[in-house]
Every structure is written in structure tokens, then in C-alpha cells.
Amino acid sequence: MIAKLLLLLFYFNIYCFAQYDVDPNGYIMFCPCMGRFGNQAEQFLGVISFARTLNRTLVLPHWIEYPTRSITSDQIPFDTYFQVEPLQTYLKVILMKDFMKHLANKVWPKGKRYVFCYSAQINEESPKQSCHAKDGNPFGPFWSHFNIDFDQDIFYQPLFYEIRTSNDWNTKYPSIEYPVLAFSGPPGTLERNIPLVKYFVYSDYIREKAENFLNKHQISPDTLLAIHLRTGVDFERACTYLNGKSNFFASAQCLGFNLEKGIQLTNDICYPSEENILKQTENKIQASKSTVLYIAADGDHMMEKFQKRFGKKYGVKIIKYERPSSQSEGEAAHLDLYILSVAKHAIVNCPSTFSAFAKRQRDAHDKLTDFWGIENSQLTNEPNSDL
């Protein structure tokens, strides 16, 4: 019996060590420190492409959330919301908590922790030429969550991260000297990497919560019209900066990256009036025969207005997710995203990066998506890709 236990322990240790073998090609680490989830997800796509091109292992960072009335940010493990395994089919990845626990002291010891940025950042409080990688929130809390301090700043200009080959980066920063490229911000751009969103598969934790909500209210995705409203005052103000001649936030998803779809971004698209929202939703219900309307919103859900306009008229159940006080706003937002992604029909906001994540999830499953203020005939899904 004792011999069998010792043998099991032996094989368990072998498994654990094999699971955390050092990648001789090195690692890429970054802070997703630009905006809320929608923005973080946009930038993540480019980072995945960058890491794969360099053939380094991507250290999957914690997601950053900003609780209401909090002076700091929260760090949420990547696998709380998404599965790791689908990403592993495309590139080498390791959770940040696993890297710091099992590999950091060996691969990236204190005293040799360098941070990379394009050029020195201006800081009026310090004349030092630096990336200032831990200045302010969320930068400081993100790195401090793992007790990471940097020993040297490296400015990588004129190199850039929209690359097709690894030659320049690997020549200048070979893994033998720089086993970890830790970036103060996300090293990646978006345009050609949109299909990579198919590797973002929700965790069982999120899926089960969302499915339980749907089952509780007897909702089938096949009967569901889900809409995303940006009714918060911050987005209303942002939309005043439209110029109609360039993309704005995530508007490339409906305008085209080079504005090739011939659609001009107007305030009716960016921040539609309540009347236009009600009218377009009603038209979609009539055309789709949906029996349930699910509303995701960052501000007013307009529940009473929807009920009054056509709740009884069409016999439509109108519903939103009610977040319990014990649940974070960030987690509740992912339930909205999950439901927006699985609904048979959806109307979302053209410039919103939050909407963009749901729209791309829908594209991956060949579900058509409408945008506020745009005729459906002008739209197409993102092309399929073998990425």
C-alpha cells in the first residue's frame, strides 16, 4: 500500500513539474491597463498575435475591474471568465498566477525584472527617464498584486508590435538575455486579429450562471432578441466628439477599418434617441417573431418604456439581469455578454467595444447582428478565418 502511494506521489510530482516546464523561447507579459473589459478584450487580440509570432508563451493577465465608489481596481484571474484550453490550441499560454508561483523566481528573478515601453513617459513629478509602469491606478495595483517591481526600463523604439515575422524583436531581445518581455501596456493592434475572438470561450462558471438565469425565466435563445444600450452619460458625452471621417472606438465593426462600407458615423448610430431605439426594436420584434426581449445596458434599461410601447401589444416578455448585491458589476457584465452572444437576434452599439465583443462572438457562430441606426442590408459578418 505504501509503495503504491509513493509511486502515485512520484508520478504526481513529474506531472506538476512537466506542467510548468520553462519555455526556452521566453514569455510575454503585459498590463491590460486601457479601459474596461471591452477595451481590454480588443487589445488582447493583438497581443495574442504578437506573442504567437515571437513564439513566446503569453502570460495571461488578470482582468482589471473598477468597482463603483472604489479608489483602486480589482484584479480578476483570467480563468474566472474564460477557459484557458481553447487558447492553448492556438498559442502557448500560462496563467499569470501560475507563472508567478512556479516559474518567476527561476526565469525572472528579482533584480532582473525589466519593463518595456516604446519610449520614456512624461511625468511632471519625476524627471527620470522611465516607463512609469506602476504610476497610478490601475498600473500600480495590477503589478503590485503579484509584488512585482521593476529594476530597469527598456525603450524598444523604433520597433513596433504589428509584425509578420519575429526577426527584429528576437534579434534585439533574445530570450537568453530577456526571458520575459514585460510590457507596461498591451503590445498589439487589432485589425487583422478579430477572428482570434473564437478562442475566448466562457468558463463553466459564467456559462452555468447565465444558463441558470435563462432556464429560471424559461427563455430559449431561439426565441430571444437581446439588445445592448449605451445610455450612460459618459458615452453620451463621448459621442459628441464624432467627426464622421474616421473610426471611433470600435466603430470599424460596422464602418469597416478603412470606412469601406460607406456608412457615416452619426449621433443616431452612436447615441440613438429613445424613440429610435423603441422603433428599431419594435421593427425587429415584428420581423423576427421574438417572444423575449433581453436588455443589457450601462445606464437606463428603459424597461417601463419598452413595456408601455409593445409589451402587451406583441405579448413579449421583457427582462434584464438583476445583479445580486454579492456579485460584482464586472461578473454581471459577463452574463450580459454571454446572453447577447447566444441570442438568435441582437441589436448592439456600433462604437462600443463591449458590443464589439458580443458581435464577434456571434460572428464566430454565424449569427447575424444589427446595429442601432444602421440598415441591416449594409452589414456583413466578419469573414471566417483559419487563424
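Criteria and cut-off values
Residues numbered from 1 in each chain as written. Predicted model: local features only at pLDDT ≥ 70, side-chain atom pairs only at ≥ 80, totals over all residues. Heavy atoms only, no water. UniProt positions renumbered as here; feature names shortened; annotations may be inferred. Helix = DSSP H or I, 4+ residues; strand = E, 2+ residues; numbered from the N terminus. Rg over C-alpha atoms; globule rule 2.2 N^0.38 Å. Buried < 20%, exposed > 50% of the residue type's maximum accessible area, 1.4 Å probe, protein only. Contact = heavy atoms within 4.5 Å. Areas by Shrake-Rupley, 256 points an atom, 1.4 Å probe, with all protein chains shown as cover. Pairing = 2+ DSSP bridges. Axes fitted to C-alpha atoms, helices over the stretch in contact; angles between N-to-C directions. Phe/Tyr/Trp six-rings, centres within 6.5 Å; stacked < 30°, edge-to-face > 60°. Lys NZ or Arg CZ within 6 Å of the ring centre and 35° of its normal. Domains from an automatic or database assignment. Buried area = accessible area lost by both parts, 1.4 Å probe. Salt bridge = Lys/Arg side-chain N within 4 Å of Asp/Glu carboxyl O. Polar contact = N/O pair within 3.5 Å; in protein donor to acceptor, adjacent residues only side chain to side chain. Nonpolar A, V, L, I, M, F, W, Y, C, P; charged D, E, K, R; others polar.

Going by an unreviewed UniProt entry, the protein carries the name GDP-fucose protein O-fucosyltransferase 1 and comes from Adineta steineri. UniProt, in its Pathway (unreviewed entry) section for the protein, records the words "Protein modification; protein glycosylation." UniProt, in its Sequence similarities (unreviewed entry) section for the protein, records the words "Belongs to the glycosyltransferase 65 family."

> Before we move on, could you go through the overall build of the protein and cite the residues and values that matter?
When helices and strands are tallied, the protein shows 16 helices and 13 strands. On C-alpha atoms alone, the protein measures out to a radius of gyration of 23 Å, which is about the 21 Å that the 2.2 N^0.38 rule sets for 387 residues. Taking the principal axes of its C-alpha atoms as reference, the protein extends roughly 70 × 65 × 45 Å. Within the protein, buried positions represent 51% of all 387 residues. Considering only intrachain contacts with a sequence separation of at least 6, the fraction spanning at least 24 residues in the protein is 73%. Of the accessible surface of the protein, which amounts to about 19500 Å², a share of 51% is contributed by carbon and sulfur atoms.

> Let's hear about the sheet that holds strand β2 (residues 57–60): which residues, and what values?
Within the open sheet, the six strands sit side by side as β5-β2-β1-β8-β6-β7. Their pairing is parallel. Two strands bound the open sheet, and with one partner strand each, they are β5 (93–95) and β7 (152–155). Strand-to-strand twist across the sheet, computed as the mean angle between neighbouring axes with direction ignored, equals 30°. Two strands pair when backbone bridges link them, and β2 and β5 are joined in this way by three bridges, in the parallel orientation. The residue of β5 that forms the bridge with Leu60 is Leu95.

> Go over the sheet that holds strand β13 (residues 370–371), please, and point to the residues and values.
The strand order across the open sheet built from five strands is β11-β10-β9-β12-β13, with neighbouring strands paired in parallel fashion. Two strands close off the open sheet at either side, each with one partner strand: β11 (317–319) and β13. Where strand β10 (residues 292–297) meets β11, three bridges bridge the pair, whose relative direction is parallel. What sits directly across from Val292, in β11, is Lys317. Those strands touched by helix α15 (residues 329–342) are β9 (224–229), β10 and β12 (345–348), and its axis lies near 130° from that of β9. Its contacts with the sheet place helix α16 (residues 353–364) against β9, β12 and β13, and it is angled at close to 150° to β12.

> Explain the packing of aromatic side chains to me, using residue names and the numbers behind them.
When we look at a pair of aromatic rings, we describe it by the centre distance and by the angle of the planes. Counted by the stated rule, this structure contains 42 aromatic pairs. Where Tyr118 meets Tyr156, the ring centres are 5.7 Å apart and the plane angle is 80°; that geometry is what we call edge-to-face. In this pair, Tyr118 is assigned in the loop between β6 (114–117) and α7 (139–144) and Tyr156 in the loop between β7 and α8 (167–172), connecting sequence segments 38 residues apart. Exposure remark for Tyr118: the relative accessible area of 35% places this residue in the partly exposed category. Between Phe160 and Tyr161, the aromatic rings sit 4.4 Å apart at their centres with planes inclined by 25°, giving stacked as the arrangement. With a relative accessible area of 41%, Phe160 lands in the partly exposed category. Each member of the aromatic cluster is reached from another via a ring pair, and the members are Phe50, Tyr114, Phe116, Tyr118, Tyr156, Phe160, Tyr161, Trp169, Tyr173, Tyr178 and Phe183. Here Arg52 stacks its cationic end above the ring of Tyr90, 4.0 Å away from the centre of that ring.

> Tell me about the environment of Leu103, and name the residues and values.
Turning to its location among the elements, Leu103 is positioned in the loop between α5 (96–102) and α6 (104–107). Sequence separation of Leu103 and Asp23 is 80 residues, and the distance between their C-alpha atoms is 9.9 Å. Leu103 has contacts with Tyr20, Asp21, Val22, Tyr27, Ile94, Asp98 and Trp108, leaving out every residue within four places of it along the chain.

> Pulling in residues and values, what's your account of the domain arrangement of the protein?
Per the domain assignment, the segments making up the protein are domain 1 (27–194) and domain 2 (202–378). A straight line from the C-alpha centre of domain 1 to that of domain 2 covers 31 Å. Summed over both sides, the interface of domain 1 with domain 2 buries roughly 1400 Å², with 60% coming from carbon and sulfur. For the interface between domain 1 and domain 2, the tally reads one salt bridge. At the surface where domain 1 touches domain 2, the tally comes to seven residue pairs in polar contact (both at pLDDT 80 or more). Secondary-structure elements contributing two or more residues to the side of domain 1 that touches domain 2 are α2 (37–54) and α3 (78–81). Considering each element in turn, the side of domain 1 that touches domain 2 owes the most residues, five residues, to α2. By residue class, the composition of the side of domain 1 that touches domain 2 is eight nonpolar, five polar and four charged.

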